[in-house]
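# Fold and contact review
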Amino acid sequence: MARLAKRALVPARLRSAVRGWFDSRYISLAEHRQDIKDALWEVQVLRREVTTLRAEVERLQARAAKAPAPAGRTVDEARARRWDDAHRLATETASAMERVLQNEVLLWQAVDRAAAGRTPETAGTARPAEEGRTPGTAGTGRAAGTALGRSAGSAG
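Residues numbered from 1 in each chain as written. Predicted model: local features only at pLDDT ≥ 70, side-chain atom pairs only at ≥ 80, totals over all residues. Heavy atoms only, no water.

We now examine the overall build of the protein chain. When helices and strands are tallied, the protein chain shows three helices and zero strands. Helices and strands appear in the protein chain in the N-to-C order α-α-α. Taking all 156 residues of the protein chain together, the buried fraction comes to 8%. Taking the contacts inside the protein chain whose residues are at least 6 apart along the sequence as the reference set, 35% of them involve residues at least 24 apart. Carbon together with sulfur atoms contributes 57% to the accessible area of the protein chain, which is approximately 13700 Å² in total. (Helix = DSSP H or I, 4+ residues; strand = E, 2+ residues; numbered from the N terminus. Buried < 20%, exposed > 50% of the residue type's maximum accessible area, 1.4 Å probe, protein only. Contact = heavy atoms within 4.5 Å. Areas by Shrake-Rupley, 256 points an atom, 1.4 Å probe, with all protein chains shown as cover.)

Have a look at this one:
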């Protein structure tokens, strides 16, 4: 972005009000990075928990397969309800984890795009940095042919 060449006198109260508004509206890059690190840490913790739960399910299934079913024994309704609830919760947890992992992939794709200096709108049409960019647009995410991407001396 271009900076204004001239400065204007602004009352301190107005200046602090505007800064307060901007500070409340935007987070710093460091805070954003910390939020991403925290989210990734939570995903890793959840991934370990799911792995542990899957191992326990496999262990219990193996134990249930080895144990012979007692003849003539029926399952009471309360136990069947608990099993149904456990199955429902396991299914919901698995689908939630799937969404979390999909969001992690989307997050890393966004981080890669941000690191490359592209926006989601230009991600599908972006070209490598060495072709199609003018010297003044590297890292801005703008294509060389756009009005904003042209430098003063380029023919575009």
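Further notes follow.
Right, let's get into a negative patch on the surface. A cluster of acidic residues, Glu31, Asp35, Asp38 and Glu42, forms a negative patch at the surface. Secondary-structure assignment places Glu42 in helix H2 (residues 29-66). Owing to a relative accessible area of 47%, Glu42 belongs among the partly exposed residues under this scheme. (Patch = residues over 30% accessible without salt bridge, like charges linked within 9 Å, V, L, I, M, F, W, Y side chains within 5 Å. Salt bridge = Lys/Arg side-chain N within 4 Å of Asp/Glu carboxyl O. Lys, Arg positive; Asp, Glu negative; His and termini not counted. Charge placed at Lys NZ, Arg CZ, Asp CG, Glu CD.)

A surface patch of nonpolar side chains, amounting to about 570 Å² of accessible area, comprises Val10, Leu14, Val18, Trp21, Phe22 and Tyr26. Its place among the elements puts Val10 in the segment before helix H1 (12-25). The partly exposed category is assigned to Val10, whose relative accessible area is 34%.

Moving on, we get to the packing of H2 against helix H3 (residues 77-116). The interhelical angle for the contact between H2 and H3, taken along N-to-C directions, is 145°, at an axis separation of 11 Å. The two elements H2 and H3 cross, and the hand of that crossing is left-handed. From H2, Ile36, Leu40, Val43, Leu46, Arg47 and Val50 reach across to H3, where they touch Met97, Val100, Leu101, Glu104, Leu107, Trp108 and Val111. Among the residues making up the contact of H2 with H3, the classes are represented as eleven nonpolar, no polar and two charged. (Axes fitted to C-alpha atoms, helices over the stretch in contact; angles between N-to-C directions. Left-handed = near helix turned anticlockwise from the far one by under 90°. Nonpolar A, V, L, I, M, F, W, Y, C, P; charged D, E, K, R; others polar.)

To continue, consider the pattern of salt bridges. Throughout the structure, instances matching the rule amount to four salt bridges. A salt bridge links Arg88 to Glu92; its shortest N-O distance comes to 3.1 Å. On the criterion of helical spacing, the pair formed by Arg88 and Glu92 is a turn pair, its members being four residues apart in helix H3. You can call Arg88 partly exposed: its relative accessible area is 39%. For Glu92, a relative accessible area of 40% corresponds to the partly exposed category. Connected through shared salt-bridge partners, Asp85, Arg88 and Glu92 make up one network.

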